[in-house]
Amino acid sequence: MSHNPRLKLTVLFIVLLMVDGTGLVNSSELFHVRLSTLFVVIAALFLRPFPALLLGFGTGLFFDIVFGRFIGLETFFWTFYVSFLSEAARFFYRSVFFIVPLAGLSLALFDLYADGLYRLFRWTDTSYVFFLRHAVLMDAVFGMIAALILYAVMVPALRALMQERDITHEEA
Amino acid sequence: MNWFSRRMLALLAGLVLITASAALVPYGRGFLTLPERVVKDTAGFAEQLVSKPFYIVRNWWQGLVDLRNTYEENQKLKMALDTLIRIKAEYDLLQQENETLRGLLNFQSRAHDYTLYPAEVIGRDVSTWDEVLVLNRGAKDGLAPGLAVMTDKGLIGIIDAVSTFTSNVRLLGNLSTRQHIAVMTTAQKKAYGVIEGYDSENGLLVMGKMPLDTDVHLGETVVTSGLGGLLPPGLPVGSIEKVRPGRDMLTRNAWIRPFDSAQDVSAVFVVKRSDGYTGEGLQP
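Just so it is clear, the model here is predicted, and its values are computed rather than measured. (Residues numbered from 1 in each chain as written. Chains lettered and ligands numbered in written order. Predicted model: local features only at pLDDT ≥ 70, side-chain atom pairs only at ≥ 80, totals over all residues. Heavy atoms only, no water.)

Caption draft 1: Geometry of the overall build of chain B. Along chain B, the regular secondary structure elements total three helices and twelve strands. In chain B, 61% of the contacts between residues at least 6 apart in sequence involve partners at least 24 apart. Counting every atom, chain B has about 16000 Å² of accessible surface; 61% of that belongs to carbon and sulfur. (Helix = DSSP H or I, 4+ residues; strand = E, 2+ residues; numbered from the N terminus. Contact = heavy atoms within 4.5 Å. Areas by Shrake-Rupley, 256 points an atom, 1.4 Å probe, with all protein chains shown as cover.)

Quick look at the structure:
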């Protein structure tokens, strides 16, 4: 495995995007979670606001174009949410106990936002209880499980990237 | 203007834009812009790189699992074969009779004839699992918005957007109002209606626009009626599970259990009418 954290993270992100795009992990019906957006949330906690914003924008736009009902639903959410996370993360200690629940909650928050828009335009008439149980709760739980695995892979690389950035900053 | 105000302003502007976009962009618009086509085709290529090897391994494993049940399955198939031979003979006779009668009536319509084009599912997203499938066939294969998509069990959706090498299938549970499918029951006394909703909690399609005095029975098979124009008649959809009066109390609604819920689909057929009718001028 490469020791270059940037390359490692880029390869991981592309693999996650491809796995999510094919729906192979989710076809089992046992594990429904979008890994690439978890990647974006975790990465945003370590990145500066502008790169985080670009990452959120790109990922959202990709899902909007390939699978979306209209362009903007995901682009808007992930752009703003991720740049907000990146700003707010400075005030918290980024441990596993902070990152993992936050990643799961981020997926749940996206579900609530998307469902709100769907209800606004009457694209869905699913009951709230069904939606909370089958979408929000499932995404939060599976999101946390998947985030725990991603944490082990991503966070060392992200910390190395931060260290590298700080050293470059000090030298400058 | 401080940092917080600028952010709030941008957030509100974004919210307004997103709401306007959702309200103004027609759902199931059928066409894609050049950048959208490029992104979709590139993503489709990458998705094929992953999904092809996965399905090869999965099919091989499935073959191994199936091998264990081969003897029992063989016995059942032998019994089914006897019935099939009889049904095939009846079908051939009826088809000949149909052709003769059509010839006598000088009946030209061949709307019920269609060709099936196989396609593989290369993309599906967890957020839109019940809404969209991505196929590895696109405009270069002659696919167009509005064509029906089915599995070996029955109808699962309609082609919604087509790029050069891929296409998106809108599943039955999430059709736009312009994609509503005209269906009928196969009973002696047919009931005609339109699939206009989806009960996502129970996985049932809602067939509406049936007059209140329509005779519909539980368990009856529902197929496409062909009255919508673009879909050929006779594509199996599902069976009736529940019948209730509509909210307006002037019509009846029937809840249909689809023959294929499309939860785990790896290969499909795209249905093209043989009479060359493509619904030109119609939006999906």
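Caption draft 2: The interface of chain B and chain A, seen in detail. The partner chain A presents 39 residues to the 43 residues of chain B that form the contact. Among the residues chain B hides against chain A, the three largest losses belong to Ile18, Val126 and Glu201 of chain B. Together they make up 17% of the total. Between arginine 34 of chain A and aspartate 125 of chain B there is a salt bridge, with the nearest N and O atoms lying 2.6 Å from each other. Along the contact surface separating chain B from chain A lie six residue pairs in polar contact (both at pLDDT 80 or more). Among the elements that take part in the side of chain B that touches chain A, helix α2 (residues 34–68) of chain B stands out by supplying twelve residues, more than any other. Of the residues in the side of chain B that touches chain A, the class split is 21 nonpolar, eleven polar and eleven charged. (Buried area = accessible area lost by both parts, 1.4 Å probe. Salt bridge = Lys/Arg side-chain N within 4 Å of Asp/Glu carboxyl O. Polar contact = N/O pair within 3.5 Å; in protein donor to acceptor, adjacent residues only side chain to side chain. Nonpolar A, V, L, I, M, F, W, Y, C, P; charged D, E, K, R; others polar.)

Caption draft 3: Quick peek at the confidence of the model for chain A. Here chain A shows a mean pLDDT of 87. Residues at 70 or above account for 94%. Of all helices and strands in chain A, the one with the weakest mean pLDDT is helix α6 (residues 128–171) of chain A (87), whereas helix α2 (residues 35–44) of chain A scores best (94). (pLDDT = per-residue confidence, 0-100.)

Caption draft 4: The layout of surface pockets, seen in detail. Residues and elements named next belong to chain A. In this structure, the second largest pocket encloses a volume near 400 Å³. Lining the second largest pocket we find 16 residues, and of these Arg6, Leu9, Leu47, Pro51 and Leu161 sit closest to its centre. Sorting the residues of the lining of the second largest pocket by element identifies α1 (5–22), α2, α3 (49–67) and α6 as the ones contributing at least two each. Counting residues per element, the lining of the second largest pocket draws most heavily on α6, at five residues. (1 Å grid on protein atoms, 1.4 Å probe; cavity = no way out; pocket = protein on both sides within 12 Å on 5 of 7 lines; lining within 4 Å. Points joined across faces, edges and corners; volume = space filled by probe spheres on them.)

Caption draft 5: Broad picture of the side chain of serine 163 of chain B. Residues and elements named next belong to chain B. Topologically, serine 163 is positioned in the loop between β4 (155–162) and β5 (167–171). In terms of polar contacts, serine 163 uses its side chain to reach the side chain of threonine 166, at 2.7 Å. Apart from the residues lying within four places of it in its own chain, the contact partners of serine 163 are Leu32, Arg37, Lys40, Asp41, Gly138 and Ala139.

Caption draft 6: Geometry of the nonpolar core. Counting residues in hydrophobic clusters, the biggest one holds 58 residues, and the most contacted among them are Phe39, Ile42 and Met154 of chain A. For this core, the secondary-structure elements that each account for two or more residues are α1, α2, α3, α4 (73–88), α5 (96–120) and α6 of chain A together with β2 (132–135) of chain B. Beyond its immediate stretch of four places on either side in the chain, isoleucine 42 of chain A contacts Ile99, Ala147, Leu150, Tyr151, Met154, Val155 and Leu158 of chain A. Counting 23 residues, the second largest nonpolar core, distinct from the first, contains Ile181, Val183, Ile195 and Val216 of chain B. (Core = buried A, V, L, I, M, F, W, Y, C linked by side-chain atoms within 4.5 Å. Buried < 20%, exposed > 50% of the residue type's maximum accessible area, 1.4 Å probe, protein only.)

Caption draft 7: Quick look at the environment of glutamate 36 of chain B. Residues and elements named next belong to chain B. Within the secondary structure, glutamate 36 sits in helix α2. For glutamate 36, a relative accessible area of 5% translates into the label buried. Taking the C-alpha atoms as reference points, glutamate 36 and alanine 254, separated by 218 residues in sequence, lie 38 Å from one another.

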